[in-house]
Structure formats: C-alpha cells, structure tokens
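Each chain is listed here by its residues.
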Amino acid sequence: MVQDFAKAARANGAEIVTGARVSKIEKLGARWMMATEAGDFEGKTLINAAGAWADQVARLAGVKALGIQPYRRSFAQLSAPGGHDMTGWPFVDGVGEAWYAKPSAGKMLVSPSEEDAMDPFDAYADDMVLAEGLARYQEMVTEPVTRPETTWAGLRSFAPDRALVLGRDAAEPEFIWCAGQGGYGFQTAPAASQLLAYVVAGRPSELEPETIKALSPRRFS
C-alpha cells in the first residue's frame, strides 16, 4: 500500500527525499523555510506527519506541541505452529490484552501487547518484555515456543484523547497536523490522507463536520 501511494505521488510530481534530518524550521513571511541534511526546502504549507517525532517537529517550527506520546510495542515472529497452514486462522487476543497473536505470511506473529511510554527513537524490542509476553502466550497454547525467527518493535503514537489529529493548527493555519495514528496508521492512511488533501486544497470533505471537528488539532486549543 505504501509503495502504491509513493508511485502515485511521484506520478503527480512529488519528490520523496529520505535521510534528511531536519535541523531548522522557520516561517519567513508567508513561506516555511526548512534546513535539512539533504538541503533546504521551502513552501507555503508544512504538513507534520513525523509520527513519534510530531511534537518535536512542531516545537522546531515554533508551534505549540499537542502532547503526542510514543509508546513501544514489540513483536516476535514464530514458525507456523506444528507446521500447519494458517490460512484463515483468526487474530487471537489474550485476556486483558496480555498478548496477541495472528498469522502473518505463513508465520505466527506474537506481541506482548506492551505499551511503554518512550521518547521518540528508532525502536528495538526489549528482550525481557518480549520473553515475558511469549511466556504468557505459551501458557495458553499447546505448541512449544522455541527461538523466535525475528524480533522487532515500533512506536505507536497517541494524542491525549487517543484520537487521530488531522487538520490545521489553531494558531498557525499553514502548519497541518497528521499525527496520533496509534496502532492504526496503515488502516486509516487512505481516509486520513484524503481528508488532508481536501484541507490543503480548501475543498469540502465528504466526512461529516462533526467528525472533522473531532479529529482537528484545534480541539486542544
């Protein structure tokens, strides 16, 4: 899905620049000026889609942070239990969200379902947290858990009310927020990006006004 969006963006003239850490953002007149490791950029509108770093980017731009908090979530990929074909197997959630498991590309994906507050960083799985989660999972299944094939972690970022933050900043209208996706960034991306496209273009959205208001960063002002 990401690659499909990237292909469409490039076809419409977008340039995707990676490895470009931002060092400075300032508003000069009606233009945003941004200095990065890949050079300087400028534009009328700045969209803050920085994920776990959303508040840091806002502060860098002189915009009030909204309290976007990253939380770590770890994962382990196990071989298919008993060598079974897991096609059609369901998502399984432990009582109290002590763990969850689901089939993924012929493997079993297991998470301790932790939600540990972190400063934004390139996340990695905590071995002890992962081991404790796998032990809780092991108690509920018959197939022994041996060595995980792969482990990793990610940061799920939430606003104070845990809802998406989509729209123009209350004090700086040309600073647009796209943040607070939590653990549902992929699922919400098509609708969220469409809404922000309408916001940037100044076109009316198909969403109900109450929904747009509930997602707007102006709800925190």
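Just so we're clear, the structure is a prediction, and the values are computed from it rather than from any experiment.

A. Main features of the overall build of the chain. In terms of regular secondary structure, the chain is built from 5 helices and 12 strands. Along the first, second and third principal axes, the C-alpha atoms of the chain reach 65 × 40 × 35 Å. Residues classed as buried in the chain amount to 33% of the 221 residues present. In the chain, the proportion of contacts linking residues at least 24 apart, taken out of those at least 6 apart, comes to 62%. As displayed, the chain has an accessible area near 13300 Å², and 54% of this comes from carbon and sulfur atoms. Averaging the positions of the 22 positive and the 28 negative side-chain charges in the chain gives two centres separated by 6 Å.

B. Spatial organisation of helix 4 (residues 185-201). For helix 4, which comprises 17 residues, the first-to-last C-alpha distance of 22 Å matches the rise-based estimate of 24 Å (1.5 Å per residue) to within 8%. In helix 4, a bend of some 35 degrees at Ala 191 exceeds every other bend along the element. Listed as buried for helix 4 are Ala 192, Leu 195, Leu 196, Tyr 198 and Val 199. Where the residues of helix 4 are buried, they touch strand 11 (165-168), strand 12 (175-179) and helix 5 (209-215).

C. Helix 3 (residues 127-138), seen in detail. Helix length check: helix 3 (12 residues) gives 16 Å between terminal C-alpha atoms against 16 Å at 1.5 Å per residue, within 8%. Three or more residues of helix 3 are buried, namely Val 129, Leu 130, Gly 133, Leu 134 and Tyr 137. Relative to the axis of helix 3, the buried residues are bounded by an arc of 130 degrees and lie together on one face. When the buried face of helix 3 is taken as reference, the exposed residues oriented beyond 90 degrees from it are Asp 127 and Met 128.

D. Representation of the sheet that holds strand 11 within the structure. In space, the 3 strands of this open sheet follow the order 4-12-11, with mixed pairing throughout. On the outer flanks of this sheet lie strand 4 (46-48) and strand 11, each paired with one strand and no other. Neighbour-to-neighbour, the strand axes of this sheet turn through a mean angle of 15 degrees, independent of strand direction. As defined by bridge partners, strand 11 adjoins strand 12 across 4 bridges and the pair is classed as antiparallel. Across the sheet, Val 165 pairs through a bridge with Ala 179, a residue of strand 12. The sheet strands contacting helix 4 are strand 4, strand 11 and strand 12, and the helix crosses strand 11 at an angle near 10 degrees.

E. Quick look at the nonpolar core. With 14 residues, the main nonpolar core has Trp 32, Ala 61, Val 63, Ile 68, Phe 175 and Trp 177 as its most contacted residues. If you list the elements that add at least two residues to this core, you get helix 2 (54-60) and strand 12. It is strand 12 that contributes the most residues to this core, 3 residues altogether. Judged by nonpolar contacts, the second largest core, of 13 residues, contains Ala 80, Met 86, Val 110 and Ala 125.

F. Spatial organisation of the packing of aromatic side chains. Per the stated rule, a full pass over the model turns up 8 aromatic pairs. Judged by centre distance (5.5 Å) and plane angle (70 degrees), the ring pair of Phe 175 and Trp 177 falls under edge-to-face. Across this residue pair, the class does not change: Phe 175 and Trp 177 are buried. If you follow Lys 27 out to its NZ or CZ, it ends over the ring of Trp 32, 5.1 Å from the centre.

G. Quick look at the side chain of Glu 174. Here Glu 174 lies in the loop between strand 11 and strand 12. When sequence neighbours within four positions are dropped, the list of residues in contact with Glu 174 reads Lys 27, Trp 32, Lys 44, Thr 45, Leu 46 and Arg 168.

The rules behind each value
Per-chain numbering applies: the sequence of each chain, read as written, is numbered from 1 onward. In keeping with the model being predicted, local features are shown solely for residues with a pLDDT of at least 70 and side-chain atom pairs are shown and tallied solely at 80 or more, while totals for entire chains, interfaces and linings include all residues. Only hydrogens and water are removed before side-chain values are computed, so all heavy atoms of the structure are retained for them. Counting from the N terminus, the helices are the DSSP runs of H or I reaching at least four residues and the strands are the DSSP runs of E reaching at least two. Partly exposed residues are those whose accessible area sits between 20% and 50% of the maximum for their type, while under 20% is buried and over 50% is exposed, using a 1.4 Å probe and protein chains only. Whether two residues are in contact is decided by their heavy atoms, any of which lying within 4.5 Å being enough. What sets the accessible areas is the Shrake-Rupley method with a 1.4 Å probe; for residues, cover comes only from the shown protein chains. Positive charges come from Lys and Arg, negative ones from Asp and Glu, while His and the chain ends are left out of the count. Where a charge lies is defined by one atom per residue type, namely NZ (Lys), CZ (Arg), CG (Asp) and CD (Glu). Helix span, expected: 1.5 Å multiplied by one less than the number of residues in the helix. What the bend at a residue measures is the angle between two axes, fitted to the seven residues ending there and to the seven starting there. The directions considered for the arc are those from the helix axis to the C-beta atoms. The pairing criterion is simple: DSSP has to find at least two bridges between the two strands. With axes taken as lines fitted to C-alpha atoms, and helix axes fitted only over the stretch in contact, angles between N-to-C directions fall between 0 and 180 degrees. For the purposes of this section, nonpolar cores are sets of buried Ala, Val, Leu, Ile, Met, Phe, Trp, Tyr and Cys residues that join through side-chain atoms within 4.5 Å. Working definition: rings of Phe, Tyr and Trp (its six-membered ring) pair if their centres are within 6.5 Å, and the pair is stacked with planes under 30 degrees apart, edge-to-face with planes over 60 apart, and tilted otherwise. Geometrically, a lysine NZ or arginine CZ counts as sitting over a ring once it is within 6 Å of the ring centre and also within 35 degrees of the ring normal.

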